[in-house]
Amino acid sequence: MTNADPKELNKFGELAHRWWDPKSEFRPLHEINPLRLDWIESQVPLAGKTVIDVGCGGGLLSEGMAARGAKVTGIDLSEKPLGVARLHLLESGLEVDYRQISAEAMAAEHPGRFDLVTCLEMLEHVPDPISTIRACCQLVKPGGKVFFSTINRNPKAYLFAVIGAEYLLQLLPKGTHDYARFIKPSELCRWSRSVGLAPEAPTGLSYNPFTQVYSLGRDTSVNYLLAATREA
């Protein structure tokens, strides 16, 4: 069985045509994308690297990494966002190999192929996040890096990521997130270790509603990023 929730695929499929509009429901992704790229490149210079972007959606991160010189493959199970991603390449002139395939199937086809793997803002949308984490580990070369980002599970995260972002500030469409699927950093670290990854200390991603600015720091109480290395 495919590790995907049809409701989640349909939800993002219906919004796919707005993926590259920086004033649309995807505005937060546009605003955090430079931070995500800088965070990744602070650990692994992207130029010349083979990268797979798991859950690439409409291709914001994939194109960003390609623009920095990486050879990027983007995979997703939602057909419409992939169509938008391919179409946007005609405008950007960049090269990304987009495929409609699950992380698990891709890992079976190409184990240990990639220098680094990104899986950002995806784990909280799949039924079995450990399966995705395991596939990410299998995709990366021994000694290579895997980068995750997701949302913590606690009352503050519910207040900020659901009530605040979806209902009060309307940064995201209502129903974007299911609180029950949020993942604590301790859980993500434990699951990463269980599949052969060595996780580092997580990095927090915060939003200031008064300045409307995102920043990276130590506060992992809501959004956070995690880098992990595949053990040899």
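None of the values given here were measured: they were computed from a predicted structure. Every chain's residues receive numbers from 1 upward, in the order its sequence appears when written. With pLDDT at 70 or above as the cut-off, local features in this predicted model cover only qualifying residues; side-chain atom pairs require 80 or more to be listed or tallied, and sums for whole chains, interfaces and linings still use all residues. Side-chain measures were taken over the full set of non-hydrogen atoms in the model, leaving aside hydrogen atoms and water.

Enquirer: Break down the overall build of the chain for me, citing the residues and quoting the values.
Expert: Labels follow the DSSP assignment, with helices taken as runs of H or I lasting at least four residues and strands as runs of E lasting at least two, numbered in each case from the N terminus. If you tally the helices and strands in the chain, you get eight helices and nine strands. Atoms counted for the radius of gyration: C-alpha only. Globule rule: 2.2 Å times the number of residues to the power 0.38. For 232 residues, the compact-globule estimate of 2.2 N^0.38 gives 17 Å, and the C-alpha radius of gyration of the chain, at 16 Å, lies within 12% of that figure. Considering only C-alpha atoms, the chain reaches an extent of 45 × 40 × 35 Å along its principal axes. Relative accessibility decides the category of a residue: with a 1.4 Å probe and only protein chains considered, values under 20% of the type maximum give buried, values over 50% give exposed, and everything between is partly exposed. The buried share of the chain, reckoned over its 232 residues, is 52%. Surface accessibility follows the Shrake-Rupley procedure with a 1.4 Å probe radius. Residue values consider only the protein chains on display as shielding. Carbon and sulfur atoms make up 55% of the accessible area of the chain, which totals about 10,800 Å². Think of it this way: Lys and Arg go in the positive column, Asp and Glu in the negative one, and His and the chain ends go nowhere. We put the charge of a Lys on NZ, of an Arg on CZ, of an Asp on CG and of a Glu on CD. Distance between charge centroids for the chain: 4 Å, based on 25 positive and 27 negative side chains.

Enquirer: Which residues make up the environment of glutamate 109, and what values go with them?
Expert: For glutamate 109, the position within the fold is in helix α5 (residues 103-109). Measuring from C-alpha to C-alpha, the distance between glutamate 109 and tryptophan 191 comes to 23 Å, with 82 residues separating the pair along the chain. In what follows, a contact means two residues having at least one pair of non-hydrogen atoms within 4.5 Å. Discounting residues that sit within four places of it in the chain, glutamate 109 has contacts with Arg99 and Ile101. In this structure the side chain of glutamate 109 is engaged in a polar contact, spanning 3.2 Å, whose partner is the side chain of arginine 99. We call two N or O atoms a polar contact when they sit within 3.5 Å, provided that within protein one can donate a hydrogen and the other can accept it, with sequence-adjacent residues counted only if both atoms are side-chain atoms.

Enquirer: Tell me what's going on with the side chain of lysine 145, and back it up with residues and numbers.
Expert: With respect to the helices and strands, the residue lysine 145 is situated in strand β5 (residues 140-151). In contact with lysine 145, not counting residues within four places along its chain, are Gln43, Val44, Asp115, Leu116, Val117, Val140, Glu200, Ala228 and Thr229.

Enquirer: Which residues make up the side chain of serine 149, and what are the values?
Expert: Tracing the backbone shows serine 149 in strand β5. Judged by relative accessible area, which is 2%, serine 149 ranks as buried. Among the polar contacts listed, one links the side chain of serine 149 to the side chain of glutamate 121, at a separation of 2.6 Å. Serine 149 has contacts with Cys119, Leu120, Glu121, Met122, Glu124, Tyr224 and Leu225, leaving out every residue within four places of it along the chain.

Enquirer: Please set out the state of the cysteines residue by residue, giving values where relevant.
Expert: Think of a disulfide as a covalent bridge from one cysteine sulfur atom to another cysteine sulfur atom. Working definition: a disulfide is two cysteine sulfur atoms within 2.5 Å of each other. Taken as a whole and judged by the stated rule, the model has zero disulfides. Cysteine 119 provides the cysteine sulfur closest to cysteine 136, a residue in no disulfide bond, and the two sulfurs are 4.3 Å apart. When its relative accessible area of 0% is taken as the criterion, cysteine 136 is described as buried.

Enquirer: Give a detailed account of the pairing of strand β4 (residues 114-120), specifying residues and quantitative values.
Expert: Within β4, six of the seven residues are buried, which leaves the element mostly enclosed by the surrounding structure. With three bridges joining them, strand β1 (residues 50-54) and β4 adopt parallel strand pairing. Each residue of the ladder has a partner; that of aspartate 53, found in β4, is threonine 118. By this definition, two strands are paired if DSSP reports at least two bridges between them. Bridge count between β4 and β5: six bridges; the pairing is parallel. Across the sheet, cysteine 119 pairs through a bridge with phenylalanine 148, a residue of β5. By the criterion used throughout, a crossover qualifies as right-handed when its path from the first strand across the helix to the second strand runs clockwise, the strands pointing away from the viewer. You can see the chain leave β4, run along helix α6 (residues 129-139) and come back into β5, and the turn it takes is right-handed.

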